[in-house]
Amino acid sequence: MLRGGNVERLYTVNLGDAYNYVRTKRAKRAVKLLRSFVKQHLKVDVVKISEEVNNYIWAHGIQKPPRKVRVKVVKEDDVAHVYLGE
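## Regarding helix 1 (residues 26-42)
And then number 1: For helix 1, with 17 residues, the first-to-last C-alpha span of 24 Å sits near the 24 Å given by 1.5 Å per residue.
And then number 2: The complete set of buried residues in helix 1 reads Arg26, Ala27, Ala30, Val31, Leu34, Phe37, Val38 and Leu42. All buried residues of helix 1 project into a common sector of 150° when viewed along the axis, lining one side. Exposed and facing more than 90 degrees away from the buried side of helix 1 are Lys32 and Gln40.
And then number 3: For helix 1, the elements touching its buried residues are strand 1 (7-14), strand 2 (46-49), helix 2 (51-58), strand 3 (68-76) and strand 4 (79-84).

## Some points on a negative patch on the surface
And then number 1: Residues Asp45, Glu76, Asp77 and Asp78 make up a contiguous surface patch of negative charge.
And then number 2: With respect to the helices and strands, the residue Asp77 is situated in the loop between strand 3 and strand 4.

What counts and what doesn't
- Residues numbered from 1 in each chain as written.
- Predicted model: local features only at pLDDT ≥ 70, side-chain atom pairs only at ≥ 80, totals over all residues.
- Heavy atoms only, no water.
- Helix = DSSP H or I, 4+ residues; strand = E, 2+ residues; numbered from the N terminus.
- Expected span 1.5 Å × (residues − 1).
- Buried < 20%, exposed > 50% of the residue type's maximum accessible area, 1.4 Å probe, protein only.
- Arc of directions from axis to C-beta.
- Contact = heavy atoms within 4.5 Å.
- Patch = residues over 30% accessible without salt bridge, like charges linked within 9 Å, V, L, I, M, F, W, Y side chains within 5 Å.
- Areas by Shrake-Rupley, 256 points an atom, 1.4 Å probe, with all protein chains shown as cover.
- Salt bridge = Lys/Arg side-chain N within 4 Å of Asp/Glu carboxyl O.
- Lys, Arg positive; Asp, Glu negative; His and termini not counted.
- Charge placed at Lys NZ, Arg CZ, Asp CG, Glu CD.

Set out below in structure tokens:
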């Protein structure tokens, strides 16, 4: 926990549901799944995904995103920032 009401958490997010979607749109779907997961768990409206996480999801192209991703989420006020976890 950080001071001032800020919250910092580590999550392993399952992105496997992206594989039940159109083959040529899986990475886009994985980003949407990550965004909705963070919104649901931290009760925020704005989710900012770092470029590092985005590049990790897109590393193998649009058709083969990772099945899982470990992320660190920092909530400041009503904004959640998503970074690549350890």
